[in-house]
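# A closer look at the structure
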Amino acid sequence: MASGADDAIVLRGVTKRFKRSTVRKEHTTFKSELVAFLTAKRRKAPPELFIETLRGVDLTIPRGRTVGILGRNGSGKSTLLKLITGIYAPTTGSIEVNGRISALLDLGAGFHPDFTGRENILINGIILGMSRAEVKARMDDIIAFSELGDFIDEPVRTYSSGMYMRLAFSVATHVDPEILIIDEILAVGDAHFSRKSMAKMEEFKRAGRTIVLVTHDLSAVERWCDMAAWIDGGRIRRVGPPGELVREYEEAVRIAEDEGRTFAPSALASDGGALPEVPHHGAGEGGPVTLAAVSCAAGGGASKDALDPEDALEVQVDFTARPQVGGVAFGVVLLREDGTPIYRTSTRAEAVPVPEPLPVQGRVQVTFDRLGLLPGHYDVEVTALAPDGALLA
């Protein structure tokens, strides 16, 4: 499907995976390595495992619209913005951006700490597609807007976080971008500069520029955006009017909080609207493998509201499979509440035998003898993996 002339950004089937090393960091000596080599006991490298942060994202952002991106920490929002801006390349799928793009992502990104603010303005302007003459012509306006005064000629490593933000915002909004990408950075500024920044973006809106904003300020999304997109567990759950999406998102968060699980799901809601016990990702219905149900319990199958760090954890996975499906491994990941993986394993990595081929219906149980985690809320993510590491479910 071709994009229309009125589309500023078009993503089709975009996925993003990051390799995760499963090699244990151990110190060895030349003698131990030589002995292992001569006795043929050298360990084989474990198979590569992946963290998949985006899963088949389709999203079209019309030109001249202000779009708010909603979602929990770890849902894939920042990865999405970095793909749009070209910092990351998609693992699969395509991304089309029509127009000069400027971004405010990680605080201070693109600044050289040993260069002055003035020198960084010149460098960033050229990187964003302006000529040296164009940047110099706008230099005074950029400096005046940033309100840095004499600090503009000091190395940016001496700047506070607020000064970083003011300089970054001033550069990004004065290089004549057609598309402005913002990732929560305005939360760093003081009240005065925040109001000034919002006024500048209102000016952008009136000029028909496209703005994509990631924020946890839901009232700002309702008040300021033309449309919203909810990203949940690496997928676009819904795109629509900001008010409707904010209400749905708040309801999903409320349900998750009311459930009060020890292992809260990273994806708030399934496609049917109900919260799954544990998220699982893949091709969905009709794929070679379907994860029908996933549950967590203490050792011995005991039901507990919360687990002690010394407790065992049992993860049970009920699955269905097409006839004659083979080479499948089951993976389990423990993640912090912010989505950061802290432990990953699989039946393949642990050399646990899996029936070949899989039965049409079956159950897999993974037991962690001791959690050993600090107090807090954690997620459990379960996947079915093909021989090449691709997700089946």
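That block above? That's the structure.
Structural notes, computed from the coordinates.

Analysis parameters
Residues numbered from 1 in each chain as written. Predicted model: local features only at pLDDT ≥ 70, side-chain atom pairs only at ≥ 80, totals over all residues. Heavy atoms only, no water. Buried < 20%, exposed > 50% of the residue type's maximum accessible area, 1.4 Å probe, protein only. Helix = DSSP H or I, 4+ residues; strand = E, 2+ residues; numbered from the N terminus. Pairing = 2+ DSSP bridges. Lys, Arg positive; Asp, Glu negative; His and termini not counted. Salt bridge = Lys/Arg side-chain N within 4 Å of Asp/Glu carboxyl O. Contact = heavy atoms within 4.5 Å. Axes fitted to C-alpha atoms, helices over the stretch in contact; angles between N-to-C directions. Parallel < 35°, antiparallel > 145°, perpendicular 65-115°, else oblique. Left-handed = near helix turned anticlockwise from the far one by under 90°. Nonpolar A, V, L, I, M, F, W, Y, C, P; charged D, E, K, R; others polar.

Looking now at the pairing of strand 7 (residues 210–214). Burial of strand 7 is extensive: 5 of the 5 residues sit out of reach of the surface. Covered by surrounding structure in strand 7 are Thr210, Val212 and Val214 together with Ile211 and Leu213, the residues of both alternating faces. As paired strands, strand 3 (residues 66–70) and strand 7 are joined by 4 bridges and run parallel to one another. Paired with Thr66 across the bridge in strand 7 is Ile211. Note that strand 6 (residues 179–183) and strand 7 share 5 bridges and pair parallel.

For Arg166, the position within the fold is in helix 5 (residues 161–173). No salt bridge is formed by the buried Arg166. Its closest oppositely charged neighbour is Glu147, at 4.6 Å. Among residues more than four places away in sequence, those in contact with Arg166 are Ser146, Glu147, Leu148 and Phe193.

A word on unusual backbone geometry. The omega torsion of the bond from Glu356 to Pro357 falls at -10°, within 30 degrees of zero and hence cis. One non-glycine residue, Glu147, lies in the positive phi region at around 60°. As for its placement among the helices and strands, Glu147 is situated in the loop between helix 4 (132–146) and helix 5. By relative accessible area, Glu147 is classed as partly exposed at 34%. Not every positive phi belongs to a glycine, and Gln324 is a case in point at roughly 65°. With respect to the helices and strands, the residue Gln324 is situated in the loop between strand 11 (313–321) and strand 12 (329–336).

Another point: the pattern of salt bridges. Considering all chains together, one arrives at 10 salt bridges under this definition. With its nearest N and O atoms 2.8 Å apart, the salt bridge here joins Lys196 to Glu147. Taken together, the residues Lys196 in helix 6 (residues 191–206) and Glu147 in the loop between helix 4 and helix 5 connect sequence positions 49 residues apart. Lys205 is paired through a salt bridge with Asp226; the nearest N and O atoms lie 3.9 Å apart. Residue Lys205 is located in helix 6, and its partner Asp226 is located in the loop between helix 7 (218–224) and strand 8 (227–232); the two are separated by 21 residues in the primary sequence.

Now for the pairing of strand 15 (residues 378–385). Within strand 15, 8 of the 8 residues are buried, which leaves the element mostly enclosed by the surrounding structure. Taking every second residue as pointing to the same face, both faces of strand 15 are buried, with Tyr378, Val380, Val382 and Ala384 on one and Asp379, Glu381, Thr383 and Leu385 on the other. As defined by bridge partners, strand 12 adjoins strand 15 across 8 bridges and the pair is classed as antiparallel. Note that in strand 15 the partner of Leu335 across the bridge is Asp379.

In this section: the sheet that holds strand 11. Spatially, 3 strands are ordered 10-11-14 in an open sheet, and the strand pairing comes out antiparallel. Looking along the sheet, the strands with just one partner apiece sit at the ends: strand 10 (289–298) and strand 14 (361–368). On average, each strand axis in the sheet is inclined to that of its neighbour by 20°, with strand direction left out of account. Examined bridge by bridge, strand 11 and strand 14 share 8 bridges and lie antiparallel to one another. Directly across from Gln316, in strand 14, lies its bridge partner Gln365.

Turning our attention to the packing of helix 3 (residues 117–127) against helix 4. Between helix 3 and helix 4, whose axes approach to 9 Å, the crossing angle comes to 130°. Our classification of the angle between helix 3 and helix 4 gives oblique. The hand of the helix 3/helix 4 crossing is right-handed. Between helix 3 and helix 4, the residues in contact are Arg118, Ile121, Leu122, Gly125 and Ile126 and Arg132, Val135, Met139, Ile142 and Ile143, respectively. A breakdown of the residues in the contact of helix 3 with helix 4 according to their chemical character gives 7 nonpolar, 1 polar and 2 charged.

A pair of packed helices is captured by two measures, namely the crossing angle of their axes and the spacing between those axes. At their nearest, the axes of helix 5 and helix 6 sit 12 Å apart, and the two run at 10° to each other. With respect to helix 6, the axis of helix 5 lies roughly parallel. Our pair here, helix 5 against helix 6, has a crossing hand that is left-handed. Here Met165, Arg166, Phe169, Ser170 and Thr173 of helix 5 lie close against helix 6, whose contacting residues are Phe193, Ser197, Lys200, Met201 and Phe204. Classifying every residue of the contact of helix 5 with helix 6 gives 5 nonpolar, 3 polar and 2 charged.

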